[in-house]
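One letter stands for each residue in the lines below.
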Amino acid sequence: MSFLFDSFIAMFDSMFAITSGRVLRDARLRASLTQRGLAKRAATAQSVIARIESGKSNPTLETLSRLLAAAGYELDVRLVRATPSDPVIEAFKRDIDRSLLRANLGKSPEQRVRSLQALARLGGEARKAGLKARGRRR
């Protein structure tokens, strides 16, 4: 089941990978333009648009910005500081039992609260039993 889930996630990620071709095609379609129509507005050849959209050509940011502007959009690129990953947390994520996560996510909020309350009660009982056992040893 985990292999299936991981395969689905990998497929989902690749389906939505951001490429200049996908961005250009999306902008062109949102503007209700054909490749030829966009090429005419951008004063370029339709084959240039086709090559970029198919991934056969990677335009510079300047070219992509110009083509997007011809479709009525602007390119907004931001540089955001990456959060460093913690190797311990990453190892924990790999080893986590996802079936328990799925089961918990299938619960209603009320069911989750009741589960947490039961866990808190169990923790309190374990703490009391531990204190009682330590008191006997002295």
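This text goes with the structure placed above it.
A brief look at the structure comes next. Just so we're clear, the structure is a prediction, and the values are computed from it rather than from any experiment.

A few words on a nonpolar patch on the surface. A contiguous nonpolar patch, built from Phe92, Ile96 and Leu101 and spanning about 280 Å² of accessible area, is present on the exposed surface. Secondary-structure assignment places Ile96 in the loop between helix H6 (87-95) and helix H7 (98-105).

This part covers unusual backbone geometry. Even without being glycine, Ser32 reaches a positive phi, approximately 55 degrees. Along the polypeptide, Ser32 turns up in the loop between helix H2 (20-30) and helix H3 (35-42). The exposure class of Ser32 is exposed, given its relative accessible area of 68%. Even without being glycine, Ala43 reaches a positive phi, approximately 55 degrees. In this fold, Ala43 is placed in the loop between H3 and helix H4 (46-53).

Reading the values: rules and limits
Residues numbered from 1 in each chain as written. Predicted model: local features only at pLDDT ≥ 70, side-chain atom pairs only at ≥ 80, totals over all residues. Heavy atoms only, no water. Patch = residues over 30% accessible without salt bridge, like charges linked within 9 Å, V, L, I, M, F, W, Y side chains within 5 Å. Areas by Shrake-Rupley, 256 points an atom, 1.4 Å probe, with all protein chains shown as cover. Salt bridge = Lys/Arg side-chain N within 4 Å of Asp/Glu carboxyl O. Helix = DSSP H or I, 4+ residues; strand = E, 2+ residues; numbered from the N terminus. Buried < 20%, exposed > 50% of the residue type's maximum accessible area, 1.4 Å probe, protein only.

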